[in-house]
Amino acid sequence: MGTDRWVPAKAAIPVIGGSLAYMHDPLTLMRQLHQRHGPVAPVRMPGPGPAAFILGPDACGAVLRNADKAFVNGWELLVGPFFHRGLMLLDGAEHRQHRRIMQQAFSRERLAAYTAALHPAVAAELDTWRAGERFPAYPSLKRLTLNLATQIFMGGHRIADPVELDRVNQAFIDCVQAAGAMLRVAVPGNRWHRATRGRATLERFLTAQLPAARAAGGDDLFSVLTRVEDEDGTRFGDADVVNHMIFLLMAGHETTTSTVSTAMYHLGRHPDWQERVRAEVAELGPDPTVEELGALPDLDLVIRECQRLVAPVPVLARRVVTDTEVAGRRVPAGTRAMVCLQLSHYLPELWTRPETFDPERFSPRRAEDRSHRYAWAPFGGGVHTCLGMTFSNLEVRTVLAQLLRRFRWTVPAHYVPPMSNVSLPYPKDGLPIDLMSSGARARHTW
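Conventions used here
- Residues numbered from 1 in each chain as written.
- Predicted model: local features only at pLDDT ≥ 70, side-chain atom pairs only at ≥ 80, totals over all residues.
- Heavy atoms only, no water.
- Helix = DSSP H or I, 4+ residues; strand = E, 2+ residues; numbered from the N terminus.
- Rg over C-alpha atoms; globule rule 2.2 N^0.38 Å.
- Buried < 20%, exposed > 50% of the residue type's maximum accessible area, 1.4 Å probe, protein only.
- Contact = heavy atoms within 4.5 Å.
- Areas by Shrake-Rupley, 256 points an atom, 1.4 Å probe, with all protein chains shown as cover.
- Polar contact = N/O pair within 3.5 Å; in protein donor to acceptor, adjacent residues only side chain to side chain.
- Disulfide = S-S within 2.5 Å.
- Pairing = 2+ DSSP bridges.
- Patch = residues over 30% accessible without salt bridge, like charges linked within 9 Å, V, L, I, M, F, W, Y side chains within 5 Å.
- Salt bridge = Lys/Arg side-chain N within 4 Å of Asp/Glu carboxyl O.
- Expected span 1.5 Å × (residues − 1).
- Arc of directions from axis to C-beta.
- Axes fitted to C-alpha atoms, helices over the stretch in contact; angles between N-to-C directions.
- Parallel < 35°, antiparallel > 145°, perpendicular 65-115°, else oblique.
- Left-handed = near helix turned anticlockwise from the far one by under 90°.
- Nonpolar A, V, L, I, M, F, W, Y, C, P; charged D, E, K, R; others polar.
- Phe/Tyr/Trp six-rings, centres within 6.5 Å; stacked < 30°, edge-to-face > 60°.
- Lys NZ or Arg CZ within 6 Å of the ring centre and 35° of its normal.

For the protein chain, the count of helices and strands is 16 helices and 12 strands. Against the compact-globule benchmark of 22 Å for 446 residues, the protein chain has a radius of gyration of 22 Å, which places it among compact chains. Here the C-alpha coordinates of the protein chain stretch approximately 60 × 50 × 45 Å along the principal axes. For the protein chain, with 446 residues in total, the buried portion stands at 56%. If you take every contact in the protein chain between residues at least 6 apart in sequence, the share linking residues at least 24 apart comes to 72%. Entry remark: accessible area of the protein chain is about 18,400 Å², with carbon and sulfur atoms responsible for 54%.

Following this line, the structure appears as structure tokens:
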């Protein structure tokens, strides 16, 4: 083991607990802890046992590679009851088996089918958008991506009723925000109680749709999960399908919403880049293939930079099951380890002017993301690398391509969205933008 002793958590943050400090300003907290303690920083957080932030690409990489099998998922305490037995919450042989089965649902052929279904679905959603000042971009995108997730993942079982869509959307929000609950007991009106009701809503919704999905034999993800199997012929039972669908629907629309809303903000502030990627997507046909969507180098630069600036999942939760060492620091069994991917995206030794929107940093000429294997890791790493990251990337490209062809938008130079960091980051004010038809000219009155 390393020679560095384990520092008591009270030495890490003397006044305010780690959870409250994180919600206030996670990046500042990570920087302070990294400067004070280095790659392993003990913090005080609610829950059993010690907790530590894992900071910097060397330490994060060591945990994600998990060479000595000392780390297992740590999401159970944060959101376990609400994303019960989703792929992210499984470990070991069970995780490998479920991942092998689920990989059949993300084969190249099925990705092509999902992508083909995206184009008309995105167009139908964007037909409902109306240009105007202070257009609420974030909630509009969240509705769009949830509707896309239910259409593409559930085929003919999409949510047509807007009231039902809002109810299911709120259920996902409540489940995700349970991660920031201080009191992890369901008391009427608190976060844990809302998440408990949200999980019940999602289970009822998907369970009611399951028989039709199983009988349909369609190409949507819901139907596919009812029949895919591993090399030994093992299939998912009904409970497994529902559990995986709840997690995939959440992950599928949360990560896309985060990346697209971040892109809309920065492209609204940088019209030169907005016109540059608009010119690129203008060359696409009406229904671009997976290959055509993948051949958009400027849009790729923008997406990567947006995922650097606002990582869709800025922190990954792990739990230590046996005494281990991270970057030369001792980490005892029982520690809850928070793997801080977001900090690595802002370290000045890895990135030129890291606070600045600069997509060219990902160009082959500069390749700043190649400075370290874990300098840029918005989808995690190791055996728990996001299974749906390829589809997520295709969905982001599809949505942005159609937005760029239909609209122009701006945000005032002084505007910085106030972010909520209770769970996954999002703009608390709804990200108001000035949205115009593609031929209109910008003006600001706010």
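Picking up where we left off.
Here we come to the environment of N243. Examined against the element boundaries, N243 turns out to sit in helix α11 (residues 238–269). For N243, a relative accessible area of 7% translates into the label buried. Not counting the four nearest positions on each side in its chain, N243 is found in contact with H84, R85, G86 and R199. A polar atom in the side chain of N243 sits 2.6 Å from the side chain of R199.

Scanning the model with the defined rule gives 0 disulfides in all. Here C340 is not cross-linked by a disulfide; its sulfur's nearest cysteine counterpart is in C60, at 6.4 Å. The closest cysteine sulfur to the non-disulfide-bonded C386 is located on C60, 17 Å from its own sulfur. Residue classification places C386 among the partly exposed residues on the basis of a relative accessible area of 29%.

Burial runs high along strand β8 (residues 336–340): 5 of the 5 residues are buried. With burial as the criterion, each face of β8 is covered, one bearing R336, M338 and C340 and the other bearing A337 and V339. In this sheet, β8 lies alongside strand β2 (residues 51–54) in parallel orientation, the contact comprising 4 bridges. Bridge pairing links A51 to R336 in β8. Two elements, strand β5 (residues 315–320) and β8, share 5 bridges in a ladder whose sense is antiparallel. By the bridge assignment for β8, R318 is matched with A337.

A grouping of L183, V185 and V187 is seen on the molecular surface, where their side chains present a nonpolar patch of about 240 Å² in accessible area. Along the chain, L183 turns up in the loop between α8 (162–177) and α9 (191–216).

With that settled, consider the pattern of salt bridges. For the structure shown, the criterion picks out 22 salt bridges. In this structure, the salt-bridge partner of R214 is D238, at a minimum N-O distance of 2.3 Å. A residue pair is termed long-range when its members are at least 10 positions apart, and R214 in helix α9 and D238 in helix α11 qualify at 24 residues. In this structure D238 comes out as partly exposed when scored by relative accessible area, which is 42%. For D369, the salt bridge is made with R370, and the minimal N-O distance between the two is 3.8 Å. Given the relative accessible area of 13%, D369 is considered buried. Each of E305, R308, D358, R361, R366 and E368 takes part in a single network of salt bridges with overlapping partners.

Right, let's get into helix α5 (residues 92–103). Between the first and last C-alpha of α5 there are 16 Å, a value that for 12 residues agrees with the 16 Å anticipated at 1.5 Å per step. Listed as buried for α5 are H95, H98, R99, I101 and M102. One side of α5 carries all its buried residues, which in axial view fall inside an arc of 160°. α5 presents A93 and R96 as exposed residues on the side facing more than 90 degrees away from its buried surface.

Read across the sheet, 3 strands follow the order β4-β12-β9 without closing on themselves; strand pairing throughout is antiparallel. Strands with a single pairing partner mark the edges of an open sheet, and in this sheet they are β4 (132–136) and β9 (407–410). Mean inter-strand twist for the sheet, computed between neighbouring axes without regard to direction, equals 45°. Summarising the sheet, β9 and strand β12 (residues 432–437) pair through 4 bridges and their orientation is antiparallel. Following the sheet pairing, W409 is matched in β12 by L435. In the packing of helix α7 (residues 137–154) onto the sheet, the strands contacted are β4 and β12, and the crossing angle to β4 comes to about 55°.

Two measures define how a pair of helices packs: the angle their axes make with one another and the distance between the axes. At a closest axis distance of 7 Å, the pairing of α8 and α9 adopts a crossing angle of 130°. With respect to their mutual orientation, α8 and α9 come out oblique. Our pair here, α8 against α9, has a crossing hand that is left-handed. The segment α8 lies against α9, with E164, R167, V168, A171, F172, D174, C175 and Q177 engaging R191, R194, A195, G198, R199, T201, L202, R204 and F205. When the residues that make up the contact of α8 with α9 are grouped by side-chain class, the tally is 7 nonpolar, 3 polar and 7 charged.

Spatially, the 5 strands line up as an open sheet ordered β1-β2-β8-β5-β3, and their pairing is mixed. Each edge of the open sheet carries a strand with a single partner, namely β1 (40–43) and β3 (71–73). With strand direction ignored, the average angle separating the axes of adjacent strands in the sheet is 35°. Packing against the sheet, helix α2 (residues 26–37) makes contact with β1, β2, β5 and β8, and its axis sits at approximately 115° to β1.

Quick look at the packing of aromatic side chains now. What describes a pair of aromatic rings is the distance from one ring centre to the other and the angle between the planes of the rings. One pass over the structure, following the stated rule, counts 9 aromatic pairs. Centre to centre, the rings of F106 and Y114 are 6.5 Å apart; their planes meet at 75°, and the pair counts as edge-to-face. Y114 matches F106 in its accessibility class, with the two residues each being buried. A network of ring pairs unites the aromatic residues F106, Y114 and F391 as a single cluster. Looking at R308, its charged tip hangs above the ring of Y346, at a distance of 5.5 Å from the centre.

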